[in-house]
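What the coordinates show
Okay, here's what each chain looks like letter by letter:
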Amino acid sequence: MTAGLARLTDELGILYGGDYNPEQWEPAVWREDVALMREAGVNLVTVGVFSWSHIEPRPGEYRFAWLDDVLDLLHDAGIAVDLATPVASPPPWLGHRHPGSLPTTADGTVLSYGSRNQFCPSSPAYREAAVAIAERVAARYAGHPAVRMWHAGNEYGQFCWCDRCAERFRDWLRARYGTLDALNAAWATTVWSQEYGDWAEILPPRVAPYHRNPSQELDFRRFGSDLLLDLYREQKAVVRRHDQGRPVTTNLMGFFGGIDPHDWRADLDVIADDAYPDPASPDAPADAALVNHLARGLAGGGSWLRMEQAASAVSWREHNLTKSPARLRTEVLQALAHGGDGALFFQWRQARSGPERFHSAMLPVAGADTAVHAGVRALGAELRALRGLVGERVHRRVALLWDWPSWWAATQVALPTARLDPLATLQAWHRELWRLGVVADVVAPGDPLQAYDLVLAPALTVLERPAADRLDAYVAGGGHLVWGPFGGVADGLAHLHAGRSPAPLRHVLGVSAEEWVPLPDGGSAVSWAGPLTGHHGTATTLGERARTDGAEVLATYDDGPLAGSVAVARHAHGAGRAWYVGADLSGPGGGLEAVLRAALDDAGVALGGQVPGVETVWRGGTLVALNHTDRPATLVLAAALAAGPDGVRAAAALTDVLTDARHDASATLPLAPYDVVVLTGRMT
Ligand code: GLA
């Protein structure tokens, strides 16, 4: 994954540019675009994502001259191309001639063309047409010198519930379970008289009178992700027939539920991610960092690419706040600090027509004489100067475990509570880390953990034996683990583990629970003990009736249905320690921060500079300090240095590390509103 990106960045430096949709414009505009791109420092554009109908207006009738001209123009200007196989939006002719290629929703509605994404992933008509257009594009342009990367489709993520998808689902289930008996057992179909006597009876989870089978739902999510992965692989294989070397990828969407990126990453030559933080959210900087941590985690800790972002406002929220150029710069450099070796946008030129005409772009509809475009140019110049950061590894000692099956299982219906949202829990735990100046990778429970001093599992509802065994070995080997609420509840089929919970991990945690207990509005007070004495906390949403089986009790419920029961505990297991956090403590005054601080301290992880809204990240020997607020801030550098890689801890290193002109060795760093300072220096 990282190698695919390095091929590009070795040649081009930090990648800068965006989606370019020349089919919406006249040739005179293309020439202006290319000239302006050069001035803005653009070195890579994604072409063709939505150009299928422009290339193939009628089946088998191809129109390539315009694309030839565009690629030549870009190449002559020294701008590289990430060329799309344009299969995300089939032309109207496909849906018109093959109505079966259109997607069907769970309630049986067939979605029309006239938008985009109007395809059923298992439609042979769609797949044949998609392979044919990819074949034409790849054959024609594999030798074009502008093309440096391939972009299959766009943001894969849709589902279809049609009869053909039902057949494909059955094929997938046959491959997974072999026999109907095994499927019936896996789905526990004795419940509510759901036993299947014939494969033909099995359907996707369509709209039904009451709750659907949770195991069937979970398998359908897996199937949907695999089906789209098949499509992606089909496209990649076409490209590979013509181009054996250049990286092929598609764009992920951060924490998007439609596909499981952990199953996709091995097929992506570059981890490419789209992100649109909401400027209206006070948590946007922390949550944006979390999305960056996910991309880096998917890239095995290495570099990744921001494939899309907005230069200012998006147009798909109800109320679309703009971003100042300064704030945009902060977001772009934040991603760079977190291992993003490129900053691409949706899109280069703002559309004048179509549904996205109010979506910002690098070149606004108002033209180049705009604050947004001036900001884009300044950013292009700055990124050229920061080329030295490319490929450097981000310094982090903490991992956040996250997996899609847990997310899917914990957002089904008929749970103890519908109020404990796993993604919100992950975000809440990460926001505490972010405020404490701690950088963490988001990784899967099956990923190697040995490099991390502390592993947090805020929301792993699904825990299978092999993952539990790996966590056991990690802690026994000296690692530190913090286990979150409603964790380890179910296996990979969403069946509850038998016995006291979390059954596969209770010996590691030294705590076990017998009942999940939703808490009354207002929550329950908890009293703290041991290293947490003196803190106050309130458990909200959900706790469990738990007892210690050898763990040191650190917090107990004072009142409510769990009065007297264990809320937080710590347990020595082998050479390491496991922390149990049985309740949601992430609300205001909940106490989560105190628990995480204590666990970080226990694991020997130093906190960073903790100025509100200011983030510090070490990438290689460079410290990036970002003020995400609209107020001036002062960063005390000593703390940021303490959280850095070994070798820059000594105070004596301070002067050597800092070469920024604004800094004099006074150990504090003034930051203007939305300021970013990149401090690069000699490592001791
Ligand atoms: C997604 C799509 C783009 C565009 C943007 C708008 O990321 O991939 O084509 O629609 O959203 O924000």
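Structure first, text after, so check above.
Predicted model, so just to flag it, every value in this text is computed and none were measured.

This part is about helix α7 (residues 163-177). Since one α-helical turn is 3.6 residues long, residues separated by three or four positions face the same way. In a regular helix each residue adds 1.5 Å, so 15 residues correspond to 21 Å; α7 covers 21 Å between its end C-alpha atoms and thus fits that length. Every buried residue of α7 is listed here: C165, A166, F169, R170, W172, L173 and Y177. Projected down its long axis, α7 carries its buried residues within an arc of 165°, all on one side. On its buried face, α7 sits against α8 (180-186) and α9 (214-242). The first or second residue beyond α7 is G178, which carries a positive phi of 80°.

Grouped together as the largest cluster of nonpolar side chains are 134 residues, with contacts concentrated most on L74, W150 and F255. Residues in contact with F255, not counting those within four places in the same chain, are L290, V291, L294, W402, W404, W407, L423, L426 and V442. If you look at the next biggest cluster of nonpolar residues, it comprises 27 residues, including L449, V455, V475 and A551.

Evaluation of the coordinates by the stated rule reveals 40 salt bridges. The partner of R58 in a salt bridge is E61, and the shortest N-O contact between them spans 3.0 Å. With a closest N to O distance of 3.6 Å, D219 and R176 form a salt bridge. Of the two residues, D219 is situated in helix α9 and R176 in helix α7; the sequence distance between them amounts to 43 residues. Overlapping salt bridges bring together E552, R570, R577 and D602 as one network.

Let's shift gears to the packing of helix α11 (residues 284-298) against helix α12 (residues 325-337). Between α11 and α12, the least distance of the axes is 10 Å, while the angle of their chain directions is 30°. One way to sum up the angle between α11 and α12 is to call them roughly parallel. For the pair α11 and α12, the sense of crossing is right-handed. Across the interface between the two elements, A284, P285, A288, A289 and N292 of α11 pack against R327, Q334 and A335 of α12. When grouped by side-chain class, the residues that make up the contact of α11 with α12 number five nonpolar, two polar and one charged.

Let's shift gears to the environment of E515. The residue E515 is located in strand β14 (residues 511-518) in this model. Taking C-alpha positions, E515 is 23 Å from R212, a pair spaced 303 residues apart along the chain.

This next bit is on the layout of surface pockets. Considering only enclosed or pocket space, the largest pocket measures out at about 1,300 Å³ in volume. Along the wall of the largest pocket there are 47 residues; nearest its centre are F50, R116, E155, F346 and E356. Among the secondary structure elements, those contributing two or more residues to the lining of the largest pocket are α3 (52-55), α11 and α15 (422-435). A per-element tally of the lining of the largest pocket places α11 first, with four residues. In terms of residue class, the lining of the largest pocket is built from 20 nonpolar, 17 polar and 10 charged.

On to the site of the ligand. Around the ligand, a shell composed of F50, R116, N154, E155, D274, Y276, E308, W316, F346, E356 and H359 is seen. A distance of 2.8 Å separates an oxygen atom of the ligand from a polar side-chain atom of N154. One of the side-chain nitrogen or oxygen atoms of W316 is found 2.8 Å away from an oxygen atom of the ligand. For the ligand, the accessible surface in isolation is 310 Å², of which the surrounding protein chains cover 96%. The pocket occupied by the ligand, as judged from atoms lying within 2 Å of grid points, is the largest pocket. For the shell around the ligand, a count of residues per class yields four nonpolar, two polar and five charged.

Moving on: a nonpolar patch on the surface. Together, V191, W192 and Y210 line one region of the surface with nonpolar side chains, adding up to about 380 Å² of accessible area. Inspection of the secondary structure assignment puts Y210 in the loop between α8 and α9. The class of Y210 is exposed, set by a relative accessible area of 56%.

Scoring rules and cut-offs
- Residues numbered from 1 in each chain as written.
- Predicted model: local features only at pLDDT ≥ 70, side-chain atom pairs only at ≥ 80, totals over all residues.
- Heavy atoms only, no water.
- Helix = DSSP H or I, 4+ residues; strand = E, 2+ residues; numbered from the N terminus.
- Expected span 1.5 Å × (residues − 1).
- Buried < 20%, exposed > 50% of the residue type's maximum accessible area, 1.4 Å probe, protein only.
- Arc of directions from axis to C-beta.
- Contact = heavy atoms within 4.5 Å.
- Core = buried A, V, L, I, M, F, W, Y, C linked by side-chain atoms within 4.5 Å.
- Salt bridge = Lys/Arg side-chain N within 4 Å of Asp/Glu carboxyl O.
- Axes fitted to C-alpha atoms, helices over the stretch in contact; angles between N-to-C directions.
- Parallel < 35°, antiparallel > 145°, perpendicular 65-115°, else oblique.
- Left-handed = near helix turned anticlockwise from the far one by under 90°.
- Nonpolar A, V, L, I, M, F, W, Y, C, P; charged D, E, K, R; others polar.
- 1 Å grid on protein atoms, 1.4 Å probe; cavity = no way out; pocket = protein on both sides within 12 Å on 5 of 7 lines; lining within 4 Å.
- Points joined across faces, edges and corners; volume = space filled by probe spheres on them.
- Near = heavy atom within 4 Å.
- Polar contact = N/O pair within 3.5 Å; in protein donor to acceptor, adjacent residues only side chain to side chain.
- Areas by Shrake-Rupley, 256 points an atom, 1.4 Å probe, with all protein chains shown as cover.
- Sits in = over half its atoms within 2 Å of the grid points.
- Patch = residues over 30% accessible without salt bridge, like charges linked within 9 Å, V, L, I, M, F, W, Y side chains within 5 Å.

None of the figures reported here should be taken as evidence of function without further support.
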